[in-house]
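# Architecture at a glance
Next come the chains, spelled out residue by residue.
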Amino acid sequence: MKVLFVAGDPKPERWTAPIRELLPEAEVYVWDANGPAVDADYAIVWQPPSELFERETKLKAVFNLGAGIDGLLEIPNLPPHLPVVRLEDAGMSVQMAEYVLHQLLEASRGMEIYREQQRERVWKIHRPIKRSEWPVGIMGLGHIGKRVACTLADLDYRVNGWARSDHTLDKVSTFAGMNELPDFLGSTRVLVNTLPLTDETRDILNHQLFSQLMPGAVVINVGRGEHLVEEDLLKAIDDGHVARASLDVFRQEPLPADHPFWRQPEITITPHISARTLRDATLEQITGKIRTHYHNRPITGIVDTSRGY
Ligand code: NAP
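Scope of this entry: the structure provided in the associated data block.

Reading the values: rules and limits
Along each chain, the written sequence defines residue order, and numbers are assigned to residues from 1. For this predicted model, a pLDDT threshold of at least 70 governs which residues receive local features, and a threshold of 80 or more governs which side-chain atom pairs are given and counted, while totals over whole chains, interfaces and linings are taken from all residues. No hydrogens and no water enter the side-chain calculation; it runs on all heavy atoms of the structure. Following DSSP output, two strands are said to pair if at least two bridges run between them. We count a stretch as a helix when DSSP gives it H or I for four or more residues in a row; a strand needs E for two or more, and each element gets its number in order from the N terminus. A contact between two residues is defined here by any heavy atoms of the two lying within 4.5 Å. What counts as an axis is a line fitted to C-alpha atoms, over the stretch in contact for a helix, and the angles between N-to-C directions run from 0 to 180 degrees. Note on exposure labels: buried denotes an accessible area under 20% of the residue type's maximum, exposed denotes more than 50%, and partly exposed covers the range between, all computed with a 1.4 Å probe on protein chains only. His is not counted here, nor are the chain ends, while Lys and Arg score as positive and Asp and Glu score as negative. By salt bridge we mean one thing: a side-chain nitrogen of Lys or Arg within 4 Å of a carboxyl oxygen of Asp or Glu. Polar contacts here mean pairs of N or O atoms no more than 3.5 Å apart (in protein, one a potential hydrogen donor and the other a potential acceptor; neighbouring residues in sequence count only if both atoms are side-chain atoms).

### Let's talk about the sheet that holds strand β2 (residues 27-30)
- If you trace the 5 strands from one edge of the open sheet to the other, you get β2-β1-β3-β4-β5, paired in parallel fashion. The open sheet terminates on both sides in strands that have one partner only, identified here as β2 and β5 (84-85).
- Here 4 bridges tie strand β1 (residues 2-7) to β2, and the two strands are oriented parallel to one another. Bridge pairing links F5 to V30 in β2.
- In the packing of helix α1 (residues 13-22) onto the sheet, contacts are made with β1, β2 and β3 (42-46), and the angle to β2 comes to roughly 170°.

So this is what it looks like as structure tokens:
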């Protein structure tokens, strides 16, 4: 079995050494832009060049080093029937739950006010949180959204979840499809986006959507930058529909230094760190699936390219 590693890491041995350990039966290669074809059976990729699919014509499957495969599906010569396998959780959902909880608490527990008071040496107690005033709505109930929803519901926040299909989740009110989106939004104050980027979800975080949220809305985007219409967020902050936003992903990354988001006090910016790819958990999952697939047994996480996730 031949496995080709294709990611722009300047130290690819950080990945290939554990791959060789976990998959001793494989010959492991690193992508060389000027090299010949190695006739790989499997490619493990992050943002691969399109030449990969011209040169490597024997691939049985391609494994993405991330949960979101929007970038991979945009490659024009990706063979239509080549199985594309996304990362399933691999330690990301717990990080995302932490990140979202942190951003929620900043707002619901008024942490900024206490930081401000500390600077002024002020000891002043504000009224305690009323959870009923902070209903949260999670867009996307996949590996990540579900974990976020259940974490917040366990802390007795009122949690709504929205997905394409029906879901049943303990302590979470669920909504499905565009028909139920208005009810979901109308009962949500803190909106958390964990959707994948597809033709249907691009630009979904727009002014029309923000205006349906409960007053004093908070927007937390950990999906993709292209979900958010950036000028609509600024407008919604300006006209009061959105009180604050926490953004981890952006249309252009790194976020340009002159971008208006940097100057907006209501916006918290993090540089795409809400859920990092954990090398050990990631490679354990991928090499396990490669072995299973090689022995013609079924694997989970194959992307439905027609729906885009
Ligand atoms: P997933 O398991 O595939 O779940 C996707 C969820 O979104 C599903 O519940 C799906 O509904 C729902 N969905 C998709 N299209 C929809 C639509 N048009 N309308 C309503 N719901 C829709 O994906 P995941 O592992 O949770 O990851 C989600 C995304 O998080 C990734 O694609 C990636 O963009 C992002 N991400 C970001 C970071 C970061 O560091 N910021 C890290 C990892 C992932 P159904 O359940 O009905 O199919």
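### Remarks on unusual backbone geometry
- The linkage connecting E253 with the following residue, P254, adopts the cis geometry, with an omega of -5°.
- One can find P254 in the loop between β11 (242-247) and β12 (267-269).
- Backbone geometry places D156, a non-glycine residue, at a positive phi of 70°.
- Secondary-structure assignment places D156 in the loop between α6 (143-154) and β7 (159-163).

### Focus: the side chain of D232
- Structurally, D232 is set in helix α9 (residues 230-238).
- Buried charge without a partner: D232 forms no salt bridge, and the closest opposite charge is K235, 5.8 Å away.
- Polar contacts involving the side chain of D232 include one to the main-chain amide nitrogen of H207, which spans 2.9 Å.
- Beyond its immediate stretch of four places on either side in the chain, D232 contacts N206, H207 and F210.

### Description of the sheet that holds strand β10 (residues 217-221)
- The strand order across the open sheet built from 7 strands is β8-β7-β6-β9-β10-β11-β12, with neighbouring strands paired in parallel fashion. Single-partner strands in this sheet number two, and they are β8 (172-176) and β12. Shown here is a sheet whose adjacent strand axes are inclined to one another by a mean of 15°, direction ignored.
- Note: strand β6 (residues 136-139) against β7, 4 bridges, orientation parallel. When the bridges of β7 are listed, I138 appears paired with G161.
- Relative to β6, α6 is tilted by about 165°, and along the sheet it contacts β6, β7 and β8.
- Relative to β11, α9 is tilted by about 145°, and along the sheet it contacts β11 and β12.

As far as function goes, none of this settles anything; it's purely spatial.
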